[in-house]
Amino acid sequence: MEQIYISNQYADLNPTWHEEDSPWKAAQISKIIDKNRISFSSLCEVGCGTGEILLNLARTYPQAKFDGYEVAPHAFQRASLKTTSNVSFHLKDILQESDLHYDVLVIADVIEHVEDYLSFIKGLRGLARYKIFHIPLDLSVQSVLRGWPITNLRKNVGHLHYFFKDTALASLTDCGYRIVDHAYTASRIELPKQAFSSRLMSLPRKLLFPLNPDLTVRVLGGYSLLVLAE
């Protein structure tokens, strides 16, 4: 399945590499960093795509050094053109590197693409004190009943694994992580360029979420999970 990223297949299906989502994702990452008062001088993003999340974070935290690791040549080519004095990009599998350590590791919308995601998660543990995961919660009552939202995610963006909140958190704890903080992010409500069905569902999601967040997400979907772990 990794061939979808190494070839141009993913780029052909997603020519922007979802760059339009990056400011929003960076803002979510900043929120959990600031909320937990994490001070850092180095941050690395695994699966950095074209680098836009890192560039947004670098503007928020100009005192820090940022590295991005990416295995897709097409995405890396675009990212490498954006290198700055404190943002660097690497066309490498970070798990094949040695003697790396950062204060913070960001893994945003990545683990659902990795075939052996549990071994991948375990391999990341020693690379930083803090790890920030952003995980799509693709499993909900409405997505299972309709079926096609999940199959389209597999076909168009390469999602191999599908989570709801409890299984996402359990995957991290089973791999030896300690959950420091977690929060829902309104990915299908606040992100740009949403499908008509997502826009149609945004109102009931907004209305019901304050009443019972867990039940709303489990039934209606539309949210992702942001996790800070050690």
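Above this text you will find the structure in question.
Procedures and definitions
- Residues numbered from 1 in each chain as written.
- Predicted model: local features only at pLDDT ≥ 70, side-chain atom pairs only at ≥ 80, totals over all residues.
- Heavy atoms only, no water.
- Phe/Tyr/Trp six-rings, centres within 6.5 Å; stacked < 30°, edge-to-face > 60°.
- Helix = DSSP H or I, 4+ residues; strand = E, 2+ residues; numbered from the N terminus.
- Buried < 20%, exposed > 50% of the residue type's maximum accessible area, 1.4 Å probe, protein only.
- Contact = heavy atoms within 4.5 Å.
- Patch = residues over 30% accessible without salt bridge, like charges linked within 9 Å, V, L, I, M, F, W, Y side chains within 5 Å.
- Areas by Shrake-Rupley, 256 points an atom, 1.4 Å probe, with all protein chains shown as cover.
- Salt bridge = Lys/Arg side-chain N within 4 Å of Asp/Glu carboxyl O.
- Axes fitted to C-alpha atoms, helices over the stretch in contact; angles between N-to-C directions.
- Parallel < 35°, antiparallel > 145°, perpendicular 65-115°, else oblique.
- Left-handed = near helix turned anticlockwise from the far one by under 90°.
- Nonpolar A, V, L, I, M, F, W, Y, C, P; charged D, E, K, R; others polar.
- 1 Å grid on protein atoms, 1.4 Å probe; cavity = no way out; pocket = protein on both sides within 12 Å on 5 of 7 lines; lining within 4 Å.
- Points joined across faces, edges and corners; volume = space filled by probe spheres on them.
- Pairing = 2+ DSSP bridges.

### Looking at the packing of aromatic side chains
Then comes step 1: On inspection of all chains with the given rule, the structure shows eight aromatic pairs.
Then comes step 2: A ring pair is formed by Y184 and F209, whose centres lie 5.8 Å apart and whose planes are at 80°; its orientation type is edge-to-face. Note that Y184 is positioned in strand 6 (residues 179-185) and F209 in the loop between helix 11 (196-208) and helix 12 (213-220), a separation of 25 residues in sequence.
Then comes step 3: According to the relative accessible area criterion, F209 is partly exposed, its value standing at 21%.
Then comes step 4: Ring-pair connections join several aromatic residues into one group, and the members of that group are F40, Y61 and F66.

### What about the environment of S197?
Then comes step 1: Tracing the sequence through the fold places S197 in helix 11.
Then comes step 2: In contact with S197, not counting residues within four places along its chain, are R146 and W148.

### A word on unusual backbone geometry
Then comes step 1: Even without being glycine, D99 reaches a positive phi, approximately 60°.
Then comes step 2: Relative to the helices and strands, D99 resides in the loop between strand 3 (87-91) and strand 4 (102-108).
Then comes step 3: Positive phi, close to 55°, is recorded for D109, a residue that is not glycine.
Then comes step 4: With respect to the helices and strands, the residue D109 is situated in the loop between strand 4 and helix 6 (117-124).

### Here we look at a nonpolar patch on the surface
Then comes step 1: Residues V141, L145, L215 and V219 make up a contiguous nonpolar surface patch of about 370 Å² in total accessible area.
Then comes step 2: Contributing elements (two or more residues each) for the nonpolar patch: helix 7 (141-146) and helix 12.
Then comes step 3: Position of V219 relative to the elements: it lies in helix 12.
Then comes step 4: Assessed through its relative accessible area of 32%, V219 is described here as partly exposed.

### Focus: the packing of helix 3 (residues 22-35) against helix 4 (residues 52-60)
Then comes step 1: Packing of helix 3 against helix 4 leaves a shortest axis separation of 8 Å and a crossing angle of 50°. Accordingly, the angle class assigned to the pair helix 3 and helix 4 is oblique. Crossing hand, helix 3 versus helix 4: right-handed. Residues S22, P23, K25, A26, I29 and S30 of helix 3 touch helix 4, and the partners they reach there are E52, I53, N56, L57 and T60.
Then comes step 2: Across the contact of helix 3 with helix 4, the residue classes tally to five nonpolar, four polar and two charged.

### Regarding the layout of surface pockets
Then comes step 1: Of the pockets and cavities examined, the second largest pocket occupies roughly 190 Å³.
Then comes step 2: Around the second largest pocket, the lining comprises 14 residues; the ones closest to its centre are Q28, K31, A183, Y184 and T185.
Then comes step 3: Where the lining of the second largest pocket is concerned, the elements lending two or more residues are helix 3 and strand 6.
Then comes step 4: Considering each element in turn, the lining of the second largest pocket owes the most residues, five residues, to strand 6.

### A short note on the pairing of strand 4
Then comes step 1: Here strand 4 lies mainly inside the structure; six of its seven residues are buried.
Then comes step 2: Across three bridges, strand 1 (residues 42-46) lies against strand 4 in parallel orientation. Bridge pairing in strand 4 links C44 to L105.
Then comes step 3: Relative to strand 5 (residues 128-136), strand 4 runs parallel, the two sharing six bridges.

In short, the description is geometric, and any link to function would need to be established separately.
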